[in-house]
Amino acid sequence: MTVRYIESSKLPTPWGIFEMHGFEDGDKEHVVLSMGDIHGDQPLLARIHSECLTGDALFSLRCDCGAQLQAAMHRISVEGRGVIFYLRQEGRGIGLLNKIKAYNLQDQGCDTVEANEKLGFGADMRDYSILKPMIEHLNIGQLKLMTNNPRKIKALQELGVDVVERLAHQPGRNPHNAKYLETKKGKLGHMLENGEDSDS
Ligand SMILES: [Zn+2]
């Protein structure tokens, strides 16, 4: 697999002006948003965010993705430096239309893991190996990672990415995603505190 750097530009947002770096990975296009000096000696605040069209762009409350993305942009702007890897692996890697099928099964009572399995997918199909060439290209060192997902930290450590700290990151709990978050905690091992918003 070859990941190619294409170009960078500015991206003004409600949280300040980010640099946006574009990468190509086969037929997939990924972006990295950065703010401040990302090459310094101090560990870099980071979020690895997998695309969720419904949550990130359509304001869905079925999950917590949109709130997590916005909170990450906010935290980086407060710190003045940090990075968000925005990976195009929709629906924990099953794609948008399969995610709609999974949502349909959830409307009928399945939880998120059961729905994926009914469709013949693993509970989590995301692949983080594309991160390594991006991190090397951007010359990023140690990360302070905003995540509740121990699998993500393990996958990064296996890739040789230096995660020196985990920062809890759980904004966006609401009545529509309470069951989803409980499933992430119970079946996917996410480190979620009950009913607490760490950053909103
Ligand atoms: Zn989502």
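Procedures and definitions
Residues take numbers from 1 onward in each chain, read along the sequence in its written order. In view of the model being predicted, local features appear only for residues whose pLDDT reaches at least 70, and side-chain atom pairs are presented and counted only at 80 or more, with totals across whole chains, interfaces and linings using the full set of residues. As a rule here, side-chain values cover all heavy atoms of the structure and leave hydrogens and water aside. Each helix is a run of DSSP H or I of at least 4 residues and each strand a run of E of at least 2, with the numbering of both proceeding from the N terminus. For this measure, only C-alpha atoms enter the radius of gyration; the expected value for a globule follows 2.2 Å times N^0.38, where N is the number of residues. Burial here depends on accessible area, computed with a 1.4 Å probe over protein chains only, as a share of the maximum for the residue type. Under 20% is buried, over 50% is exposed, and the range in between is partly exposed. Residue contacts are counted whenever heavy atoms from the two residues lie within 4.5 Å of one another. Asp and Glu count as negative and Lys and Arg as positive, but His and the ends of the chain are not part of the count. In plain terms, the charge of a residue is placed at NZ if it is Lys, CZ if Arg, CG if Asp and CD if Glu. Distances up to 2.8 Å from the metal define which N, O and S atoms are donors, and 3.2 Å serves for Na, K and Ca; water is absent from the atom set, so sites may look incomplete. Definition of nonpolar core: a set of buried residues of the types Ala, Val, Leu, Ile, Met, Phe, Trp, Tyr and Cys, connected through side-chain atoms within 4.5 Å. In short, DSSP must find at least two bridges between two strands for them to pair. Only residues whose relative accessible area exceeds 30% and that form no salt bridge are eligible for patches; like-charged ones are grouped when within 9 Å, while nonpolar side chains (Val, Leu, Ile, Met, Phe, Trp, Tyr) are grouped when within 5 Å. Surface accessibility follows the Shrake-Rupley procedure with a 1.4 Å probe radius. Residue values consider only the protein chains on display as shielding. What counts as a salt bridge is simple: a side-chain nitrogen of Lys or Arg found within 4 Å of a carboxyl oxygen of Asp or Glu. Axes, fitted as lines to C-alpha atoms, cover a helix only where it is in contact. Angles between the N-to-C directions of the axes lie from 0 to 180 degrees. The arc under discussion is defined with respect to the helix axis, by the directions toward the C-beta atoms.

Novice: Which residues make up the overall build of the protein chain, and what values go with them?
Specialist: What the protein chain contains, in helices and strands, is 8 helices and 7 strands. What you see for the protein chain is a C-alpha radius of gyration of 16 Å, in line with the 16 Å of a compact globule of 200 residues. With the C-alpha coordinates of the protein chain rotated into their principal frame, the extents come out at 50 × 35 × 30 Å. Counting every position in the protein chain, which comprises 200 residues, the buried fraction comes to 48%. Pairs at least 24 residues apart make up 62% of the contacts formed inside the protein chain by residues separated by at least 6 positions. For the protein chain, the centre of its 24 positive side-chain charges and the centre of its 28 negative side-chain charges are spaced 5 Å apart.

Novice: Please set out the coordination of the zinc ion residue by residue, giving values where relevant.
Specialist: Coordination of the zinc ion by the protein involves Cys52 (SG), Cys63 (SG) and Cys65 (SG), with metal-donor separations of 2.2 Å. Here the donor residues of the zinc ion share one chain and are spaced in sequence as C-x10-C-x1-C. As far as the burial class goes, Cys63 and Cys65 line up, both buried.

Novice: Tell me what's going on with the nonpolar core, and back it up with residues and numbers.
Specialist: Ranked by size, the top nonpolar core spans 23 residues in total, and within it Ile48, Phe85, Leu87, Leu131 and Ile140 carry the most contacts. At the level of secondary structure, the elements contributing two or more residues to this core comprise β4 (44-50), β5 (82-87), α6 (131-138), β6 (143-146) and α7 (150-159). In contact with Ile48, other than residues within four places in its own chain, are Phe85, Leu87, Tyr128, Leu131, Leu145, Lys152 and Leu156. Among the nonpolar cores identified, the runner-up in size contains 12 residues, and Phe18, Leu69, Met73 and Tyr86 belong to it.

Novice: Could you give an account of the pairing of strand β1 (residues 3-13), with specific residues and numbers?
Specialist: The pairing of β1 with strand β2 (residues 16-25) spans 10 bridges and is antiparallel. Within β2, the residue paired with Arg4 across the bridge is Glu24. From the end of β1 to the start of β2, which pair antiparallel, there are 2 residues.

Novice: Lay out the side chain of Asp64 in plain terms, naming residues and giving numbers.
Specialist: Within the secondary structure, Asp64 sits in the loop between α1 (53-57) and α2 (65-79). If near-sequence neighbours (up to four positions away) are discounted, Asp64 is found in contact with Pro171, Gly172, Asn177, Tyr180, Leu181 and Lys184.

Novice: An account of a nonpolar patch on the surface is requested, with residue identities and associated values reported.
Specialist: There is a patch of nonpolar side chains on the surface, built from Leu53, Leu58, Leu96, Leu97 and Ile100 and spanning about 450 Å² of accessible area. In terms of residues, the nonpolar patch owes the most to one element, helix α4 (residues 96-107), which gives 3 residues. With respect to the helices and strands, the residue Leu96 is situated in helix α4.

Novice: Provide a residue-level description of the sheet that holds strand β7 (residues 163-167), including the pertinent values.
Specialist: Ordered by their spatial adjacency, 7 strands build an open sheet running β1-β2-β3-β5-β4-β6-β7, and the pairing between neighbours is mixed. Since the sheet does not close on itself, it has two edges, and those belong to β1 and β7, each with one partner. Pairs of neighbouring strands in the sheet enclose a mean axial angle of 25°, with direction left out of account. Here α6 sits on the sheet in contact with β1, β2, β3 (28-35), β4 and β5, set at roughly 145° to β5.

Novice: Describe α6, with residues and values.
Specialist: Restricting attention to buried positions, one finds in α6 the residues Leu131, Met134, Ile135 and Leu138. Down the axis, α6 shows its buried residues gathered within 95° of arc, on one side only. Packing partners of the buried residues in α6 comprise β1, β2, β3, β4, β5 and α7. Directly after α6, the chain includes Asn139, whose backbone phi takes a positive value near 60°.

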